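Overview (structure and organization)
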Amino acid sequence: VTVDGPRGQLQRNYDHQYIEITKVEKGEKSFIKVQKWQGLKKELACIRSICQSIQNMFTGVTKGYRYKMRLVYAHFPIN
């Protein structure tokens, strides 16, 4: 799966799962369709993770992400 946007290009490989990923266009809108045939419960749970990963890729190339790193230090002495 390759996603292009104003902030760059992201590419991810999902060959480890046996799924079908297709682009469906209805009028001006387009959708991503992810299908798995005859999957077990754990295999079907992976579909939601893959869909969310693709959705995060779309967000990354359009809006972008900002990470704030926080440093916390707390020492509890042992007596």
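Position numbers for residues count from 1 along each chain, tracking the sequence in the order it is written. Given that this is a predicted model, residues contribute local features only at a pLDDT of at least 70 and side-chain atom pairs are listed and counted only at 80 or more, while totals for whole chains, interfaces and linings are drawn from all residues. Based on all heavy atoms of the structure, the side-chain values leave hydrogens and waters out of the count.

One requirement defines pairing of two strands: DSSP has to find at least two bridges between them. The helix and strand labels rest on DSSP assignments: H or I over at least four residues marks a helix, E over at least two residues marks a strand, and numbering proceeds from the N terminus. Examined bridge by bridge, strand E3 (residues 20–26) and strand E4 (residues 29–35) share 7 bridges and lie antiparallel to one another. Each bridged residue has a counterpart across the sheet, and for Val24 the counterpart in E4 is Phe31. The hairpin turn running from E3 into E4, its antiparallel successor, is 2 residues long, and Gly27 in that turn takes a positive phi close to 70°.

Below, the discussion takes up the side chain of Gln17. Considering the arrangement of structural elements, one finds Gln17 in the loop between strand E2 (8–11) and E3. Burial here depends on accessible area, computed with a 1.4 Å probe over protein chains only, as a share of the maximum for the residue type. Under 20% is buried, over 50% is exposed, and the range in between is partly exposed. In this structure Gln17 comes out as buried when scored by relative accessible area, which is 17%. Each residue touching Gln17, except ones within four places of it in the same chain, is listed here: Lys36, Glu43, Cys46 and Ile50. We call two residues in contact whenever any of their non-hydrogen atoms come within 4.5 Å of each other.

Now for the nonpolar core. Among the buried residues, those of types Ala, Val, Leu, Ile, Met, Phe, Trp, Tyr and Cys that are joined through side-chain atoms within 4.5 Å form a nonpolar core. In terms of nonpolar packing, the biggest core is built from 9 residues, these being Val3, Tyr14, Ile19, Val34, Ile47, Ile50, Ile54, Met57 and Val61. Residue contacts for Ile19: discarding those within four places in its chain leaves Val34, Gln35, Lys36 and Ile50.

The predictor's confidence in any single residue is recorded as pLDDT, a number from 0 to 100. Mean pLDDT over the chain: 88, with 96% of residues reaching 70 or higher. Considering each helix and strand of the chain separately, the mean pLDDT is smallest for E4, with a value of 90, and largest for E2, with 93.

Positive phi, close to 50°, is recorded for Gln38, a residue that is not glycine. Of the residues examined, Gln38 reaches a relative accessible area of 83% and is grouped as exposed.

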